[in-house]
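Single-letter residue listing:
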Amino acid sequence: MQKKWKVLTSVALSGSLMMSSLLIDTSLVYGQEDENPPQLTGEKAINEVVNAMTLKEKAALLVGGNKEVLEEIDNEIIGNQATRVPGAAGQTQAIPRLGIPSIVLADGPMGVRINATRENDENTYYATKFPSPNVLASTWDTDLVYEVGEATSHELEAYGIDLLLAPGMNIQSYLLNGRNYEYFSEDPYLTGKMATELVNGVEDQGIGTTIKHFAAYNQRNDNNIDSIVSQRALREIYLKGFEMTVKEADPWAIMDSYNKINGTWATESEDLLTSILREDWGFNGFAMTDWEFGSRDIAKQMIAGTNLLMPGRTSQSEAIVDAVNDGELNEEILDRNVTEMLGIIVQTPTFLGEEPSNDPKLEENAKIARQAAADGMVLLQNEEETLPLQSDLKVSLFGTPQIETMTGGRGSALVRSPYQLGIPEGLQNAGFTLNQDLYDKYENYIDELRATDEYEQTPGNFFESTLPTLPEMDVEEEAALAAKESDVGIIVLSSEYGSYGNDRSLEDFYLSESKEDMIKNVSEAFRNEGKPVIAILNVEGPLEVESWSDQVDSILLSWQPGQELGNAVADVLTGKVNPSGKLAQTFPVDYEDTSYSETYPGVDQYIYEEDIYVGYRYNTTFDVKPAYEFGYGLSYTKFEYDNVRVNRNGSFKDKITVFATVENTGDVAGREAVQVYVHAPDGKMEKPELELKAFDKTKELRPGKKQNLKFDLDAKNLASFDEDLSAWVLEKGEYEVRVGASSEEIKGTASFTVKEDVIVEEVNDALAPQIEFDRLSKFNK
């Protein structure tokens, strides 16, 4: 039968007209139409509407609203799906007969990703490029992360977007994972707290979030990898943050990961999406696939608890209908999945009839982005208090990234912001005088290289960088001259230009020979003149520093923190902002110092042999010295810790409360991220040397001022996962609380005793590995 196509131009919702221009195959969507079908007017109407839906309508709703022609566009599918908001990642299918609207979904991890311009429209549609999650985690400031979420939500609302496809919550367990910048930390507790605040910040304003990628998605080289991981490591490391956020923030949606987990595709895993997510955790939203164009079993996806297939193809809706008619899929499963989706749809701005203002308050949000960027920067080294600098100095900048500004993000993080302010502009805004001759030489050097076939800018696409990495300029002569004419030398170092579609390479971790030569030449020239050298790490993840850190006086980890990079760097260098960021990911001395250097990323499957010993848990338990440890970060002032103690005379019952007092004993005002670790006794289950169990950030303390802090540790937070019992168990013994400025700089300790084993929570026996494998153990060092 010939297909009939028509364009839907309006949908009546709550007394207002919501525009939609989805091209819909009406022969697929519509069945026998009632003259007066029920309308989706709110939550109470959901059951009646579901009962009135035809099989084809149910199948259509569970597949993204996608124009079929987009299947033909090679490597340009993501970011071209939505028709209501150009450049948004996608939208759901409208069912006008029943008053079900199409809702809009948009990336991403650094702000709202949409097109900045639109056809036949002179207006612009810019969005704020906020710091990425790894920068936000380095602030250790939950209130600030909430504020970023709130600001992001206002921009989503302004542009008519219902659901944010963020935040990412995977663990930074592997240094070279190409998407680590989208995630918060190597630690599940820090990840869970930060994601919870971001989700609450967005959703408290009436916009939804999508936590992702669920789960054990820790590499980018092979999206089809089979992640082989123990139940304990899953529960304690890779699922823990998700669990915290589901329970504490109630996100509207969750995105399945591409990979398999212990032999089963995540998107087909009933263990993951039903037994754990819904039954154990009480998830109330809907689950969607990532933007999947490979082959998955649609019936298994529906049964497992995947509600929405994105970005959506007509063939997928047809496959759902066929699966029901062939007896592979019970229509009641579709009813369940549709009901869960409608439960979210009725909460969206689109359903509620809100009209986009297209006024995102960019100037206000730029201030929040600037603060978050500065507060997430980490001062790694500051010999002889080289920093802060007076802003009336003349500065010589070295390194190609000063010209080709690296503010972060690829793929889903490519936010079209009104500007991206580089380090030279930021320093000038703060009052510094730049060595213009040197700057001009860098500009000419880059222009000449970009004009060659080897280094020319390529068209690129969603996945690939358009800029081949440049070698650094030979600056031996320039450095000698600059050292005589300038007060300070600043070296800007960036990661190699990465690919969204692959993991980082070791070239991202180790400096190239040309960068090493640049550091050597600048260091010798400026030190010969008795002048300081500062390195700014304009990177998206850890890199090797041990071999060259003694050649510079100060090292500031600026990250790639969004559009306000330059201003935020200047704020920290001048002391306008006293650095208070702390590392959320360990900086190893050498890549070979990681537990996985000989095994990652694997072929076809990857076995998580390090088990629970991820990041600092590995370093502290196996005495592996890092370059900079988890939780590390310097300040322009000094803090003393005192009165570290616990309540209840050290006897645990339901929870334990930890107390500490922090005093600013330095000369300038500042803030301190106070970290609470616990050393648990080995019992049936071995334990890491320490684990982060709580943290807080002081208010700004003036010199001589103190703040009393209190932390509650409950049984679930302290428990370990017993695979034999499929339960969280708090084992008996003596627990030591370690309060400190980092995972290694412990300032005070206290202890408490658990008198007998406590089964805190029994959960479903799910996601057991199907093969046996050796796990790292501290008893087999």
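Everything that follows concerns the structure shown earlier in this document.
### Examining the overall build of the chain
Scanning the chain from terminus to terminus reveals 21 helices and 32 strands. Computed over the C-alpha atoms, the radius of gyration of the chain is 27 Å, within 12% of the 28 Å expected from 2.2 N^0.38 for a compact globule of 781 residues. If you line up the chain on its principal axes, its C-alpha atoms span 85 × 70 × 50 Å. Here the chain holds 781 residues, and the buried ones make up 64% of them. Long-range pairs, those at least 24 residues apart, make up 78% of the contacts in the chain with a sequence separation of at least 6. As presented, the chain carries roughly 29,100 Å² of accessible surface, and 41% of it is formed by carbon and sulfur atoms.

### Re the pattern of salt bridges
For the structure shown, the criterion picks out 35 salt bridges. One salt bridge connects Glu243 with Lys247, and the closest N-O pair in it is separated by 2.8 Å. Of this pair, Glu243 and Lys247 both sit in helix α8 (residues 240–249), 4 residues apart, which is roughly one turn of that helix. For Glu243, a relative accessible area of 4% translates into the label buried. On the accessibility criterion, Lys247 (42% relative accessible area) is partly exposed. Of the charged contacts, one joins Lys441 and Glu478 as a salt bridge, the two residues approaching to 3.9 Å between their closest N and O atoms.

### Notes on a negative patch on the surface
Residues Asp437, Asp440, Glu443, Asp447, Glu448 and Glu485 make up a contiguous surface patch of negative charge. By the secondary structure assignment, Glu485 is in helix α16 (residues 476–485).

### Some details on the sheet that holds strand β27 (residues 706–714)
On the basis of which strands lie adjacent, the open sheet formed by 3 strands has the order β23-β24-β27 and antiparallel pairing. A single partner strand is all that each edge strand has here, and the edge strands are β23 (639–646) and β27. In this sheet, neighbouring strand axes are inclined to one another by 20° on average, regardless of whether the strands run parallel or antiparallel.

### Overview of the sheet that holds strand β30 (residues 733–740)
Hydrogen bonds between backbone groups are what pair the strands of a sheet, and the pairing can be parallel or antiparallel. Strand order in the open sheet formed by 4 strands is β26-β25-β30-β31, and the pairing between neighbours is antiparallel. For this open sheet the edge positions go to β26 (691–697) and β31 (746–754), each flanked by a neighbour on one side alone. Here the strands of the sheet are splayed against their neighbours by 20° on average, with no regard to which way each runs. Across 5 bridges, strand β25 (residues 673–679) lies against β30 in antiparallel orientation. Opposite His679, over in β30, you have Glu736 as the bridge partner.

### Examining the pairing of β25
Across the 7 residues of β25, 6 count as buried, placing the element largely inside the fold. In this sheet, β26 lies alongside β25 in antiparallel orientation, the contact comprising 6 bridges. For Val676, the partnering residue across the bridge sits in β26 and is Ala694.

Conventions we followed
Residues numbered from 1 in each chain as written. Predicted model: local features only at pLDDT ≥ 70, side-chain atom pairs only at ≥ 80, totals over all residues. Heavy atoms only, no water. Helix = DSSP H or I, 4+ residues; strand = E, 2+ residues; numbered from the N terminus. Rg over C-alpha atoms; globule rule 2.2 N^0.38 Å. Buried < 20%, exposed > 50% of the residue type's maximum accessible area, 1.4 Å probe, protein only. Contact = heavy atoms within 4.5 Å. Areas by Shrake-Rupley, 256 points an atom, 1.4 Å probe, with all protein chains shown as cover. Salt bridge = Lys/Arg side-chain N within 4 Å of Asp/Glu carboxyl O. Patch = residues over 30% accessible without salt bridge, like charges linked within 9 Å, V, L, I, M, F, W, Y side chains within 5 Å. Lys, Arg positive; Asp, Glu negative; His and termini not counted. Charge placed at Lys NZ, Arg CZ, Asp CG, Glu CD. Pairing = 2+ DSSP bridges. Axes fitted to C-alpha atoms, helices over the stretch in contact; angles between N-to-C directions.

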